[in-house]
Amino acid sequence: MDIITRAEWGARAPRSRSTTSWSARREFVVHYSEGPTDQSVKSIQNFHMDSRGWSDIGYNFLVDNKGRIYEGRGWLVIGAHATGHNTSGIGVCFIGRDGDATDAAKKAIRWLYDEGRSKAGHPLSKNGHGQLSGNSTNCPGKQLLSWVKAGMPAPGGGDPTPPGPPKWPGRYITQPPIMRGDDVRTWQAQMKKIGKSIDVDGAYGPKSEAVCRAFQKERKLSVDGIIGPDTWAAAWNGRR
Ligand SMILES: [Zn+2]
């Protein structure tokens, strides 16, 4: 899917912006605008900047009922959409009222979730705005809330349950996406045997993740930055 960029929808420049990191991103938050489905993203931005006095449109992304995705603040700019959850949460707003969300819109929201999860390299919790602690609101409406609670299944197929962390029973994953230091050091040794000079943390940190991502890409595995059974098997096969 394509994201309609700020330049494409004619966004005003933000008054200021601050960014967070993928490791801090832990939550995915669904909202609705509670307005007409044909409301323009620009008018939402004007409302947030001029009436609310915010630095920019509050959401990270917006989705309309035709399934079009609009860039709000983007992936890593801290939004203004959920009190206490703007650094940890990626906020996506459906443009419309309760009951207006189409399959196309749900598909687009789910696609954003999958993109975010893959970029983060770790699971993101799925939340309706009102489910978050400290946020008492009807947002995103009954229809989207029950869809979020059902795991945001992609309409017309797809896996209703998100892929969890790799299962390697009892040995490698203690708590997603944390990995015991020894396992990463074993991985480092394994990679050395196939002639790859890698600089890993000895803990599941950014360096280990980067190495893992590069290796998964090279072996055409699903890239999640997590050392799981497939990654391990690919390294083992390459050794021989
Ligand atoms: Zn909301």
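Residues numbered from 1 in each chain as written. Predicted model: local features only at pLDDT ≥ 70, side-chain atom pairs only at ≥ 80, totals over all residues. Heavy atoms only, no water.

1. Side note on the layout of surface pockets
Thought 1: The volume enclosed by the largest pocket comes to roughly 340 Å³.
Thought 2: Forming the walls of the largest pocket are 17 residues, and the residues nearest its centre are Tyr32, Ser33, His48, Arg52 and Tyr59.
Thought 3: Mapped by element, the contributors of at least two residues to the lining of the largest pocket are β2 (27-32) and α2 (41-51).
Thought 4: Taken together, the residues that form the lining of the largest pocket break down as seven nonpolar, eight polar and two charged. (1 Å grid on protein atoms, 1.4 Å probe; cavity = no way out; pocket = protein on both sides within 12 Å on 5 of 7 lines; lining within 4 Å. Points joined across faces, edges and corners; volume = space filled by probe spheres on them. Helix = DSSP H or I, 4+ residues; strand = E, 2+ residues; numbered from the N terminus. Nonpolar A, V, L, I, M, F, W, Y, C, P; charged D, E, K, R; others polar.)

2. Points about the coordination of the zinc ion
Thought 1: For the zinc ion, the full set of protein donor atoms is His31 (ND1), His129 (ND1) and Cys139 (SG), at a range of 2.1 to 2.3 Å.
Thought 2: Counting gaps between the donor residues of the zinc ion yields the pattern H-x97-H-x9-C. Here the residue histidine 31 occupies a position in strand β2, and cysteine 139 occupies one in the loop between β6 (125-128) and α4 (141-149), the gap between them amounting to 108 residues.
Thought 3: Using a relative accessible area of 1% as the deciding quantity, one classes histidine 31 as buried.
Thought 4: The buried category is assigned to cysteine 139, whose relative accessible area is 8%. (Donors = N, O, S within 2.8 Å, 3.2 Å for Na, K, Ca; no water. Buried < 20%, exposed > 50% of the residue type's maximum accessible area, 1.4 Å probe, protein only.)

3. Some details on the sheet that holds strand β5 (residues 89-94)
Thought 1: Sheet architecture is open: six strands sit in the order β1-β4-β3-β5-β2-β6, paired in mixed fashion. Whereas interior strands pair on both sides, the edge strands pair on one side only; in this sheet they are β1 (3-4) and β6.
Thought 2: Relative to strand β4 (residues 69-71), strand β3 (residues 61-63) runs antiparallel, the two being bridged by three bridges. Across the sheet, the residue bridging to phenylalanine 61 is glutamate 71, located in β4.
Thought 3: Each of β1, β2, β3, β4, β5 and β6 touches helix α3 (residues 103-120); the most contacted strand, β3, lies at about 155 degrees to it. (Pairing = 2+ DSSP bridges. Contact = heavy atoms within 4.5 Å. Axes fitted to C-alpha atoms, helices over the stretch in contact; angles between N-to-C directions.)

4. Some words on the packing of aromatic side chains
Thought 1: Going through the model one piece at a time under the given rule, you end up with three aromatic pairs.
Thought 2: Aromatic pair tryptophan 22 and tryptophan 75: ring centres 5.8 Å apart, planes at 45 degrees, arrangement tilted. Of the two residues, tryptophan 22 sits in the loop between α1 (6-9) and β2 while tryptophan 75 sits in the loop between β4 and β5, which places them 53 residues apart along the sequence.
Thought 3: By relative accessible area, tryptophan 75 is classed as buried at 16%.
Thought 4: Put simply, the rings of Trp22, Phe61 and Trp75 pair up and form one aromatic cluster.
Thought 5: Its guanidinium or amino end placed over the ring of tyrosine 113, lysine 126 lies 4.8 Å from that ring's centre, counting from NZ or CZ. (Phe/Tyr/Trp six-rings, centres within 6.5 Å; stacked < 30°, edge-to-face > 60°. Lys NZ or Arg CZ within 6 Å of the ring centre and 35° of its normal.)

5. Structural notes on the side chain of threonine 20
Thought 1: Turning to its location among the elements, threonine 20 is positioned in the loop between α1 and β2.
Thought 2: Note on threonine 20: relative accessible area 15%, which makes it buried.
Thought 3: Discounting chain neighbours no more than four positions away, the residues touching threonine 20 are Arg25, Leu76, Ile78 and Thr87.

6. Describing the pattern of salt bridges
Thought 1: Going through the model one piece at a time under the given rule, you end up with six salt bridges.
Thought 2: Among the salt bridges present, the one from arginine 6 reaches aspartate 56, with a minimum N-O distance of 2.9 Å. With a gap of 50 residues between them, arginine 6 in helix α1 and aspartate 56 in the loop between α2 and β3 connect regions that are remote in the sequence.
Thought 3: Using a relative accessible area of 15% as the deciding quantity, one classes arginine 6 as buried.
Thought 4: Take aspartate 56: its relative accessible area is 3%, and that puts it in the buried class.
Thought 5: In this structure, aspartate 114 and arginine 110 form a salt bridge, with 3.1 Å as the shortest nitrogen-oxygen distance. (Salt bridge = Lys/Arg side-chain N within 4 Å of Asp/Glu carboxyl O.)

7. Overview of the pairing of β2
Thought 1: In terms of burial, β2 is a largely internal element, six of the six residues being buried.
Thought 2: A two-sided burial pattern is seen for β2, the buried positions comprising Glu27, Val29 and His31 on one face and Phe28, Val30 and Tyr32 on the other.
Thought 3: Taken together, the six bridges between β2 and β5 define a ladder with parallel strand orientation. In the strand pairing of β5, tyrosine 32 is matched with phenylalanine 94.
Thought 4: Bridge analysis of β2 against β6 gives four bridges, and the strand direction is parallel. By the bridge assignment for β6, valine 29 is matched with asparagine 127.

8. Section: the environment of glutamate 8
Thought 1: Counting through the fold element by element, glutamate 8 comes out in helix α1.
Thought 2: When its relative accessible area of 59% is taken as the criterion, glutamate 8 is described as exposed.
Thought 3: Note: C-alpha distance between glutamate 8 and tyrosine 70 (62 residues apart in sequence) is 9.0 Å.
Thought 4: From its side chain, glutamate 8 meets the backbone nitrogen of threonine 5 in a polar contact 2.8 Å long. (Polar contact = N/O pair within 3.5 Å; in protein donor to acceptor, adjacent residues only side chain to side chain.)

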